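Given next are the chains, with one letter for each unit.
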Amino acid sequence: MESRQGTVGKHDAQGMAEPNPELAPKGKPRLLLMGQRRSGKSSISSVVFHKLPPNETLFLESTARIQKDSMRSFMDFQVWDFPGQIDIFDNPTFDIDAMFGEIGALIWVIDAQDDYLEAVARLNVTILNLQRSYPSIKIEVFIHKVDGLSDDYKLDIQRDIQIRIQDELSDNGFENASVTFHLTSIYNHSIFEAFSKVIQKLIPQLGVLEAMLTNLCRTCRFEKAYLFDVLSKIYIATDNAPADMASYEICSDYIDVIIDITEVYGSWPRSKQHRDALEAEPWHARLEDQVASNWAESCMVLSDGNRPIMLREVDKYLALVAVMKEDSYDKMPLVNMNVETTVDGLKEFFEITKPK
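Looking up the chain in an unreviewed UniProt entry gives the name GTP-binding protein, with the organism given as Microdochium bolleyi.

Shown next as structure tokens:
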């Protein structure tokens, strides 16, 4: 997953690269990262998809041309990082239809610690242009760099940005535009939570996955269950219990612990060399061939002594992680049987829904 590609295509007079639609893989949903310069787009992509420590993003250079990442995980998708100085609608050399024809979502990043009025104005222009030709495109607004801001101030910024965008859309007759807002930072789990919400909208029949996890929680008396993409720590589904950031953080950190242990002592292929090898495997490979012969499984009790947590590998890309209740730890044979049934159902789901 850590293959960062330069843009393939011709260049305009300013040296900015343009996407070549003939070279873009077909059928892969795209996530377009847009926004003003220095808003944090490249840092977000590097932290979420390339495991760059947040503190090291301070040394990233400003993006000069479109960067395209092809992500091979539980599904193929692309992440395009646009330089802040590009105005795609004022540049006639861009093929707008080719760019937005297979889009999964447009992610617009706004720096909450900067004067965001110009960023909001550009976003409004972008949304209005897209609504006239591509009304079904999902717009995800990341109000970014909110670490260090008080909760009240963060909510005030979000409310102000949301009102400015909704008023502009309403004035132009687009009251029902699909625009969602997220408060994010690369220094905590909020950026992974936001990307999880974005990715979930790309999954066909997401409700089936949620129903399976909800049934598992009810049967095994779990507090919360997540289906994680292991490499990015994005969760692609969870049960229907209210969102709980604390449980998500625990499960996300637990994945890191298990990966570190299994890379030293186990056979779960999560080293960089193994990830590079996974890059070469196409999505349409048979699911049975993706499943490791020795799958990973783990269970431990948290330091408070009350809440066990368990992890079960589904395939090379996915892991089921759940926060259990104290009494469920005493019924592990029954829990394991239900978990195995759920894992089999998850495998069947992705076998049925993967692209043909």
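Trainee: Whenever I open this one, unusual backbone geometry confuses me. Can you help?
Mentor: A negative phi angle is the norm for most residues apart from glycine, just as the trans form is the norm for most peptide bonds. With a phi angle near 60°, Arg38 is a residue other than glycine that sits in the positive phi range. Its place among the elements puts Arg38 in the loop between β2 (30–35) and α1 (41–50). Taking the relative accessible area as the measure of exposure, Arg38 reaches 51% and is therefore exposed. We note that Lys145 has phi near 65°; this positive angle belongs to a residue other than glycine. Note on placement: Lys145 falls in the loop between β6 (139–144) and α4 (151–171).

Trainee: How should the confidence of the model for the chain be read in this particular structure?
Mentor: Residues shown with low pLDDT carry predicted positions that ought not to be read at fine detail. Residues of the chain with pLDDT of at least 70 account for 80%, and the chain-wide mean is 80. Low pLDDT, under 50, characterises residues 278–293; the predicted model gives this stretch 37 contacts beyond four residues in sequence or across chains.

Trainee: Whenever I open this one, the nonpolar core confuses me. Can you help?
Mentor: Generally speaking, nonpolar side chains in soluble globular proteins are found buried as a group. Ranked by size, the top nonpolar core spans 66 residues in total, and within it Leu31, Phe142, Phe195, Ile199, Leu209, Phe222 and Leu227 carry the most contacts. Looking at which domains feed residues into this core, each of domain 1 (30–202) and domain 2 (206–353) gives three or more. In terms of nonpolar packing, the next biggest core, distinct from the first, is built from 38 residues, Phe94, Ala119, Ile127 and Leu149 among them.

Trainee: Looking at this model, I keep getting lost on a negative patch on the surface. Mind explaining?
Mentor: On the surface, a cluster of negative charge is contributed by Asp167, Glu168, Asp171 and Glu175. Assignment of secondary structure puts Asp171 in helix α4.

Trainee: What am I meant to see in α1 here?
Mentor: Owing to its 3.6 residues per turn, the α-helix brings residues three or four apart onto one side. Counting buried positions along α1 yields 10 of 10 residues, so the element is predominantly enclosed. Looking only at α1, the buried set comprises Lys41, Ser42, Ser43, Ile44, Ser45, Ser46, Val47, Val48, Phe49 and His50. Looking at the residues trailing α1, positive phi occurs at Lys51, about 60°.

Trainee: Even after reading the chapter, I still don't get the packing of aromatic side chains, so can you show me in this structure?
Mentor: Aromatic rings in a pair are described by how distant their centres are and how their planes are angled relative to each other. Scanning the entire structure with this criterion turns up 12 aromatic pairs. For the ring pair Phe228 and Tyr235, a centre distance of 6.4 Å and an interplane angle of 65° mean the geometry is edge-to-face. Comparing Phe228 with Tyr235, the two get one shared label, buried. Geometrically, the ring pair formed by Phe228 and Tyr248 is stacked, given 5.7 Å between the ring centres and 15° between the ring planes. Of this pair, Phe228 sits in strand β8 (residues 222–229) while Tyr248 sits in helix α7 (residues 245–265); the two residues are 20 residues apart in sequence, bridging distant segments of the chain. With respect to burial, Phe228 and Tyr248 carry one shared label: buried. Through successive ring pairs, a cluster of aromatic residues spans Phe49, Phe77, Phe142 and Phe195.

Calculation notes
- Residues numbered from 1 in each chain as written.
- Predicted model: local features only at pLDDT ≥ 70, side-chain atom pairs only at ≥ 80, totals over all residues.
- Heavy atoms only, no water.
- Helix = DSSP H or I, 4+ residues; strand = E, 2+ residues; numbered from the N terminus.
- Buried < 20%, exposed > 50% of the residue type's maximum accessible area, 1.4 Å probe, protein only.
- pLDDT = per-residue confidence, 0-100.
- Contact = heavy atoms within 4.5 Å.
- Core = buried A, V, L, I, M, F, W, Y, C linked by side-chain atoms within 4.5 Å.
- Domains from an automatic or database assignment.
- Patch = residues over 30% accessible without salt bridge, like charges linked within 9 Å, V, L, I, M, F, W, Y side chains within 5 Å.
- Areas by Shrake-Rupley, 256 points an atom, 1.4 Å probe, with all protein chains shown as cover.
- Salt bridge = Lys/Arg side-chain N within 4 Å of Asp/Glu carboxyl O.
- Lys, Arg positive; Asp, Glu negative; His and termini not counted.
- Charge placed at Lys NZ, Arg CZ, Asp CG, Glu CD.
- Phe/Tyr/Trp six-rings, centres within 6.5 Å; stacked < 30°, edge-to-face > 60°.

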